[in-house]
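Residue-level structure breakdown
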Amino acid sequence: MLGLISGYMRDMKREFSGYGAAAFGQDALAGVTVAAVALPLALAFGVGSGADAASGLISAIVSAFVIGGLSGASFQISGPTGAMTAILIPLSARFGFSGVLAAGFVSGALLILAGLCRAGRLVNLIPAPVITGFTSGIAVIIALGQLESLFGVKSEGTETLGRAYNIFAHGFHPNLYATAVGAVVILLVLLWPKKWASRVPGSLAGIVFGATACSFLRLPVDTVGNIPQTLMHESRLTTGMLVEVLSQPILVAGTSIAALGMVESLLCGIAGGRMKGEKLNVDRELVAQGLGNILLPFLGGVPATAAIARTSVAIKSGCRTRLTGVTQGAALLLSMFLLGPFMSKIPLAALAGVLIVTAWRMNEWRSIRYIFGRKFRWGEAKFLITLSATVVFDLTIAIAAGVFFAVATFVSKVASIEVTVSEIDPVRLHGRSVPTPHTQVVYVTGPMFFAAMGRFEEAVHAAEAKVLIFSMRGVPYIDTSGAQMLWDFCSQKKKESVLVFFSALQPRVKELLFQAGVAELVGRDSFYETALDAIEAASAMRRA
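So, a few notes on the structure that sits alongside this text. Everything numeric here is computed off the predicted structure, so don't read it as measured data.

Quick word on the overall build of the chain
Secondary structure assignment for the chain yields 25 helices and seven strands. Relative to the globule expectation of 24 Å for 544 residues, the C-alpha radius of gyration of the chain, 31 Å, shows a markedly less compact shape. Dimensions of the chain, computed from C-alpha atoms along their principal axes, come out at roughly 105 × 65 × 50 Å. Within the chain, buried positions represent 52% of all 544 residues. Excluding contacts between residues fewer than 6 apart, the proportion of contacts in the chain whose partners are at least 24 apart in sequence is 83%. Just so you have it, the chain exposes about 25,100 Å², and 62% of that area is on carbon and sulfur atoms. Computed over 43 positive and 32 negative side-chain charges, the inter-centroid distance for the chain is 9 Å.

What to know about a nonpolar patch on the surface
On the surface, Val208, Leu334, Phe337, Leu338, Leu339 and Phe342 cluster together to form a nonpolar patch covering roughly 540 Å² of accessible area. In terms of residue count, the dominant contributor to the nonpolar patch is helix α15 (residues 323–338) (three residues). By the element assignment, Phe342 lies in helix α16 (residues 340–343). What makes Phe342 partly exposed here is its relative accessible area of 34%.

Let's talk about the pairing of strand β5 (residues 467–474)
Burial analysis of β5 places six of its eight residues in the buried class, the great majority of the element. Pairing of strand β4 (residues 439–445) with β5, which is carried by six bridges, proceeds in the parallel orientation. The residue of β5 that forms the bridge with Val442 is Phe470. In this region the chain leaves β4, passes through helix α21 (residues 453–460) and returns to the parallel neighbour β5; the handedness of that crossover is right-handed. Here β5 pairs with strand β6 (residues 499–503) via five bridges, running parallel. When the bridges of β6 are listed, Ile469 appears paired with Phe501. In the classification by handedness, the crossover that spans β5, the intervening helix α22 (residues 480–495) and the parallel β6 is right-handed.

Some points on the sheet that holds β6
Taken in spatial order, the five strands make up an open sheet running β3-β4-β5-β6-β7, and their pairing is mixed. Lying at the two open borders of the sheet, with one neighbouring strand each, are β3 (418–423) and β7 (527–528). Across the sheet, α21 is in contact with β3, β4 and β5; its angle to β3 comes to roughly 10°.

Thoughts on unusual backbone geometry
In this structure, Lys375 is a non-glycine residue whose phi angle is positive, near 60°. Structurally, Lys375 is set in the loop between α18 (365–373) and α19 (377–392). Assessed through its relative accessible area of 54%, Lys375 is described here as exposed.

Re the pattern of salt bridges
Summed over the entire model, instances satisfying the criterion amount to nine salt bridges. Across the salt bridge formed by Glu148 and Arg163, the nearest N and O atoms sit 2.9 Å from each other. With a gap of 15 residues between them, Glu148 in helix α6 (residues 147–151) and Arg163 in helix α7 (residues 160–169) connect regions that are remote in the sequence. Classification of Glu148 by relative accessible area gives buried; the value is 14%. Here the salt bridges do not stand alone but share partners, grouping Asp11, Arg14 and Arg284 into one network.

Remarks on the environment of Val221
Structurally, Val221 can be placed in the loop between α10 (202–217) and α11 (239–245). Along the primary structure Val221 and Gln515 are separated by 294 residues, whereas in three dimensions their C-alpha atoms are 75 Å apart. Those residues within four positions of Val221 in sequence are excluded, and the remaining contacts are Asn175, Tyr177, Ala178, Cys214 and Pro347.

Let's talk about the nonpolar core
In a soluble, globular protein the nonpolar side chains are often hidden away together inside. Residues Leu43, Leu57, Leu91, Ile138, Leu332, Ile346 and Leu351 are the most contacted members of the largest nonpolar core, which totals 97 residues. Looking at this core, the element that brings in the most residues is helix α4 (residues 82–116), giving 13 residues. With sequence-adjacent residues up to four places away left out, Leu43 is seen in contact with Ala53, Leu57, Ile207, Met343, Ile346 and Leu351. Listed in part, the 37 residues of the second largest apolar core include Val475, Cys490, Val498 and Leu512.

Quick notes on the packing of helix α3 (residues 53–70) against helix α13 (residues 282–295)
The description of two packed helices rests on the angle between their axes and on the distance between the axes. The contact between α3 and α13 brings their axes to 8 Å, and the two run at 155°. Overall, the two elements α3 and α13 adopt an arrangement that is roughly antiparallel. Considering only the axes of α3 and α13, their crossing is right-handed. On α13, the residues that touch Val62, Val66, Ile67 and Leu70 of α3 are Arg284, Ala288, Gln289, Leu291, Gly292 and Leu295. Classifying every residue of the contact of α3 with α13 by side-chain character gives seven nonpolar, two polar and one charged.

Each value, and the rule that gives it
- Residues numbered from 1 in each chain as written.
- Predicted model: local features only at pLDDT ≥ 70, side-chain atom pairs only at ≥ 80, totals over all residues.
- Heavy atoms only, no water.
- Helix = DSSP H or I, 4+ residues; strand = E, 2+ residues; numbered from the N terminus.
- Rg over C-alpha atoms; globule rule 2.2 N^0.38 Å.
- Buried < 20%, exposed > 50% of the residue type's maximum accessible area, 1.4 Å probe, protein only.
- Contact = heavy atoms within 4.5 Å.
- Areas by Shrake-Rupley, 256 points an atom, 1.4 Å probe, with all protein chains shown as cover.
- Lys, Arg positive; Asp, Glu negative; His and termini not counted.
- Charge placed at Lys NZ, Arg CZ, Asp CG, Glu CD.
- Patch = residues over 30% accessible without salt bridge, like charges linked within 9 Å, V, L, I, M, F, W, Y side chains within 5 Å.
- Salt bridge = Lys/Arg side-chain N within 4 Å of Asp/Glu carboxyl O.
- Pairing = 2+ DSSP bridges.
- Right-handed = clockwise from strand over helix to strand, strands pointing away.
- Axes fitted to C-alpha atoms, helices over the stretch in contact; angles between N-to-C directions.
- Core = buried A, V, L, I, M, F, W, Y, C linked by side-chain atoms within 4.5 Å.
- Parallel < 35°, antiparallel > 145°, perpendicular 65-115°, else oblique.
- Left-handed = near helix turned anticlockwise from the far one by under 90°.
- Nonpolar A, V, L, I, M, F, W, Y, C, P; charged D, E, K, R; others polar.

Written as structure tokens, this is what we have:
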């Protein structure tokens, strides 16, 4: 912990070295630009998480100050995200808003623990198709979760798939006004010119249009409702409430939120670091995310994590230091007090439209086209398995399933050991006499580990000579299963009065065979640099 604090102080000193009014101006302008992007998304993600717009806005504001100020890099922008919404929708339907807040608190504690234990590096072990698959799965969940608001209907159930199915299962009666507003917002955001988006984001234009049109035409659609002008939500978590609702399902949900927060924050840091040429401090980022998510429930904010899109906007807008995020928070706080009455009139269908477009765009289409276009069959399988598991189960199970499948396919590929039992070729003896009695060489190529032992056992059964010489130059690695298999084999051959020699072993392989007791069985003088040396030694031993 002391190392994290001292490292933070060093980074702050370096980050603000030579900082002046011009640099602050850049940070302030970038912060206001990010706030314009973050405002509609914060409102939409708050509602989309099963809470309300105020919870999303509180999350964005507090995250900007707390997580942004303590972040592991100068460019990270955190707040409520679409990916987090995918977890919170079913959680809210099952346990209510108090369950969401309690799970957020649990995730914060786990993120701090992960940072202190330096567990962030585990993200690098997740294959790219798995990450792409669960991102697309999240996009599907977000889109399905917005169908109620888009069509202006109510559904039943606790799972996203079930609620989406029930919308159409018992007679579909949409609010056509809400559907029309949502459809227009979707088209407006999709068709919004890129040259305008640098000044006014399409999502912001969409919700402004929706609120203005519904107010002017007095359309009968559901709206966001009152936006409290305070950072203390009336439904915030209390210690008594935390003790009351904390249960095994909440702990599991908190673990899922923490896992997603870890993955999304660190991937955002990697992507942003490449853009800005700055390396993310992984451990400090996780601690910052944890502290923010522990605080947010007691203010009534939904869980937060780093947001790739908003971080990208910050960097492209000229972000110099973490004051960009702080300025963004100040701009959002100001909007809460100045724009509260207007934001309360935003129709839920407009926010649904913004989220559906966000879901479409969050798919990593470039990676998807690459995986399927290049016909990486195993990559396609990892993608589809993770996507399906994300939609049907949850993100933790999805990542576990994707990683398990990736490990299984990797093991099956590297387990292709080659074992050839060969008679002595007189031509290769370079004038030396053919040894007697009957001698065979067993050529082994490939790693000797548990997954390859079945193939090895089948192959060595073909060896029937009185002298066996293992040539193992092509064995880079041997595990306990491989060493035990050789020990059993040598033990059996010793009972049959068969001499066994080893040649051309890698140093680490030889060390492990000695450790496993194989040398004690065959004799410590039965290991040679080459197969020819072993053949000559075997012949001399027989003659003696």
